[in-house]
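Descriptive analysis of the structure
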Amino acid sequence: VSTATKIDTATGAILGEYPTGVAPYTYSDMTGFALKTVVAPVGTYTHVFRGWDAGATYWQAINATGFVPAKTYIDLRYRTAATEEALTTALWGQWFGPFPPEVMPFQIPSWAPATGRYLAVQVRLHSDDTTVSPQLEKLSATAGDAP
């Protein structure tokens, strides 16, 4: 009978041995070693903001803050719509960033306006270093009167 063994990597001590049945098979990297040492970390987060109940909402700025160590970055993009249903099929705009070196809050440019009751913001967190990842702590958006 085959087993899987759990080992303390710091001491080499065996922490447990577990039966796996006959001819065990793992489809991928069950330890996560390859993921952490070969692939640069990338992740996305999407949030929907709701604007005014009456009249148009003119979104002006997006602010994403968090832990962004050296060699890590935040990018963002957005889309708007009058309804939540329409938002699901609205086209995303281009990616803006990276932050840093760009600075937050991101001012929505006049050539890519964000007008609509609903604003979806997608944040992409990525790293050039396989040992560290950025962390998003807060995402906010501000709106105001017509430009």
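Residues numbered from 1 in each chain as written. Predicted model: local features only at pLDDT ≥ 70, side-chain atom pairs only at ≥ 80, totals over all residues. Heavy atoms only, no water.

Side note on the overall build of the protein chain
Applied cut-off: Helix numbering and strand numbering both begin at the N terminus, where a helix is a DSSP run of H or I of at least 4 residues and a strand a DSSP run of E of at least 2. Throughout, exposure labels follow a simple rule: accessible area from a 1.4 Å probe, protein chains only, divided by the maximum for the residue type, with under 20% read as buried, over 50% as exposed, and the rest as partly exposed. When checking whether two residues touch, look at their non-hydrogen atoms; a contact exists if any pair is within 4.5 Å. Method for areas: the Shrake-Rupley scheme with a 1.4 Å probe, in which residue coverage is limited to the protein chains shown.
Helices and strands together make up the secondary structure of the protein chain, namely two helices and ten strands. Counting from the amino terminus, the protein chain carries its helices and strands in the arrangement β-β-α-β-β-β-α-β-β-β-β-β. Counting across all 147 residues of the protein chain, residues that qualify as buried make up 27%. Contacts in the protein chain between residues far apart in sequence, at least 24 positions, make up 71% of those at least 6 positions apart. By element, 57% of the accessible surface of the protein chain is carried by carbon and sulfur atoms, the whole surface being about 9700 Å².

What to know about the nonpolar core
Here is the rule: To form a nonpolar core, buried Ala, Val, Leu, Ile, Met, Phe, Trp, Tyr and Cys residues must be joined to one another through side-chain atoms within 4.5 Å.
Judged by nonpolar contacts, the single largest core of 18 residues is most densely connected at Ile 62, Tyr 78, Phe 106 and Val 121. Top element by residues in this core is strand 9 (residues 118-127). It accounts for four residues. For Ile 62, the residues in contact, after removing those within four places along its chain, are Leu 76, Tyr 78, Met 104, Pro 105, Phe 106, Ile 108, Val 121, Leu 139, Ser 140 and Ala 141.

With respect to the pattern of salt bridges
For the record, the criterion: What counts as a salt bridge is simple: a side-chain nitrogen of Lys or Arg found within 4 Å of a carboxyl oxygen of Asp or Glu.
Within this structure, the stated rule accounts for three salt bridges. Residues Arg 50 and Asp 53 are paired through a salt bridge, measuring 2.9 Å at the closest nitrogen-oxygen approach. Put simply, Asp 53 and Arg 117 hold a salt bridge, and the shortest N to O gap is 2.6 Å. Remark: Arg 117 occurs in the loop between strand 8 (114-115) and strand 9 and Asp 53 occurs in the loop between strand 3 (42-50) and strand 4 (58-67); sequence separation between them is 64 residues. The exposure class assigned to Asp 53 is exposed, which follows from its relative accessible area of 62%. Ionic contacts of the salt-bridge type, sharing partners, join the residues Arg 50, Asp 53 and Arg 117 into one network.

What to know about the environment of Leu 87
In this fold, Leu 87 is placed in helix 2 (residues 84-87). A sequence separation of 32 residues divides Leu 87 from Leu 119, and the C-alpha atoms of the two residues are 7.9 Å apart.

Re the side chain of Thr 57
Basically, it comes down to this: We define a polar contact as two N or O atoms separated by no more than 3.5 Å, with the added condition that, inside protein, one atom must be a possible hydrogen donor and the other a possible acceptor, whereas residues neighbouring each other in sequence contribute only through side-chain atom pairs.
As for its position among the elements, Thr 57 is in the loop between strand 3 and strand 4. Among the polar contacts made by the side chain of Thr 57, one reaches the main-chain amide nitrogen of Trp 52 at a distance of 2.8 Å. Residue contacts for Thr 57: discarding those within four places in its chain leaves Gly 51, Trp 52, Ala 114, Thr 115, Gly 116, Arg 117 and Ala 143.

Details of the confidence of the model for the protein chain
What counts here: What pLDDT expresses is the predictor's confidence in each residue, scored from 0 to 100.
On average, residues of the protein chain carry a pLDDT of 89, and 88% of them reach 70 or more. Least confident of the elements in the protein chain is helix 1 (residues 33-38), whose mean pLDDT is 63; most confident is strand 7 (residues 106-107), at 97.

Overview of the environment of Ala 4
Following the sequence through the fold, Ala 4 ends up in strand 1 (residues 2-7). On the basis of relative accessibility, which here comes to 26%, the residue Ala 4 falls in the partly exposed class. Dropping the residues within four chain positions of it, Ala 4 is found in contact with Gly 16, Glu 17, Tyr 18 and Thr 20.

Some details on the pairing of strand 5 (residues 72-81)
Operational definition: In this scheme, strands are said to pair when DSSP sees at least two bridges between them.
Across the ten residues that make up strand 5, a large majority, eight, are buried. Relative to strand 9, strand 5 runs antiparallel, the two being bridged by ten bridges. Residue Tyr 73 lies in a different strand from strand 9, and its bridge partner there is His 126. Pairing of strand 5 with strand 6 (residues 96-99), which is carried by two bridges, proceeds in the antiparallel orientation. The residue of strand 6 that forms the bridge with Leu 76 is Phe 96.

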